[in-house]
Amino acid sequence: MMINEAPGARPDAGSGRRRRLWFIGPAAFAAALTLIAFALPGGHFLGVLAALGAWLLAGVWWLILLVGPGTRRSTLNAWPPIIGVVTAALVVTGLPTRVAFLASEPALLHYAESLPAGEDYVSVDRFVGVFPISDVQRSEGALIFGVDGVGGLLEQCGFTYAPGVDAKGLPVTTADHLTGDWYATCTDFD
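Note that this is a predicted model, so its numbers are computed, not measured.

Q: Where do I start with empty space enclosed by the protein in this structure?
A: Over the atoms rolls a probe the size of a water molecule, and in doing so it shows where empty space is left. Scanning all chains against the criterion turns up one cavity of 30 Å³ or more. Of the volumes computed, that of the largest cavity is approximately 40 Å³. Lining the largest cavity, in full, are L115, P116, E119, D120, Y121, V122, V136, Q137, R138 and L143. For the lining of the largest cavity, the elements supplying multiple residues, two or more each, are strand 1 (121-128) and strand 2 (131-139). Class assignment for the residues of the lining of the largest cavity results in six nonpolar, one polar and three charged.

Q: Before we go on, may I ask you to explain the side chain of T87 in this structure?
A: Locating T87 in the fold gives a position in helix 3 (residues 79-93). A residue is classified by how much of its surface remains accessible, and T87, at 6% relative accessible area, is buried.

Q: Which parts of the structure should I look at to understand the packing of aromatic side chains?
A: Taken as a whole and judged by the stated rule, the model has five aromatic pairs. With centroids separated by 5.7 Å and ring planes inclined at 40°, the aromatic side chains of F145 and W182 adopt a geometry described as tilted. Of this pair, F145 sits in strand 3 (residues 142-147) while W182 sits in strand 6 (residues 182-188); the two residues are 37 residues apart in sequence, bridging distant segments of the chain. Residue F145 is classed as buried on the basis of its relative accessible area of 1%. Relative accessible area serves as the criterion here: at 2%, W182 is assigned to the buried category. Feature note: the residues F101, F131, F145, F159, Y161 and W182 constitute an aromatic cluster, connected by ring pairs.

Q: So what exactly am I meant to see when it comes to the environment of F127 here?
A: For F127, the location among the structural elements is in strand 1. Given the relative accessible area of 55%, F127 is considered exposed. Each C-alpha atom of the pair F127 and V147 lies 9.3 Å from the other, and the pair is 20 residues apart in sequence.

Q: Can you help me understand the layout of surface pockets in this one?
A: The calculated volume of the largest pocket comes to roughly 290 Å³. Lining the largest pocket we find 17 residues, and of these P41, G42, G94, T97 and D176 sit closest to its centre. Mapped by element, the contributors of at least two residues to the lining of the largest pocket are helix 3, helix 4 (95-114), strand 5 (174-179) and strand 6. In terms of residue class, the lining of the largest pocket is built from eight nonpolar, seven polar and two charged. Taken as a whole, the second largest pocket encloses approximately 150 Å³ of empty space.

Q: Any chance you could explain helix 4 here in plain terms?
A: Residues separated by three or four positions in an α-helix point in the same direction, a consequence of the helix having 3.6 residues per turn. With 20 residues, helix 4 extends 28 Å from end C-alpha to end C-alpha; this agrees with the ideal 28 Å at 1.5 Å per step. Every buried residue of helix 4 is accounted for by P96, T97, A100, F101, S104, L108, Y111 and A112.

Conventions used here
Residues numbered from 1 in each chain as written. Predicted model: local features only at pLDDT ≥ 70, side-chain atom pairs only at ≥ 80, totals over all residues. Heavy atoms only, no water. 1 Å grid on protein atoms, 1.4 Å probe; cavity = no way out; pocket = protein on both sides within 12 Å on 5 of 7 lines; lining within 4 Å. Points joined across faces, edges and corners; volume = space filled by probe spheres on them. Helix = DSSP H or I, 4+ residues; strand = E, 2+ residues; numbered from the N terminus. Nonpolar A, V, L, I, M, F, W, Y, C, P; charged D, E, K, R; others polar. Buried < 20%, exposed > 50% of the residue type's maximum accessible area, 1.4 Å probe, protein only. Phe/Tyr/Trp six-rings, centres within 6.5 Å; stacked < 30°, edge-to-face > 60°. Expected span 1.5 Å × (residues − 1).

Structure below.
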């Protein structure tokens, strides 16, 4: 009971929302950073580092709440691990990349059709849909869109538009079929 509060008075509805935010907020923020970082094929390197840091802080925060005597028995303690497991499942299945690609597919297709036919390499440095495209290369009948900031130090990831080309014939290391003639691809340079 608070000072100057009538006996039997109910706490305001805002306190319940604040309590849920107190428990769920850090994990939800870390999950959002993770899904944004993995929306790009191969994962955005700095975004993944930021998400790992956010998960570390959310885990420490959850442990503090778990040990605290006033919050130990709260059913809200179950939500941060649930959020973590659901986020991991979404990343493993590649759903963030697929959703971002589906939102950007018309823009990517329009851009692919507008490229000059005679050039094998075009430096782009612009957003096409939601993706920061750094360059486009023609190779064996396919257009390979390099996405800026993804992959590792010796890896370039992006999308490949390959109309009429078999995935095994693509000049890339890995190719995951997205839809139609589109693939999420990565090329290792080591």
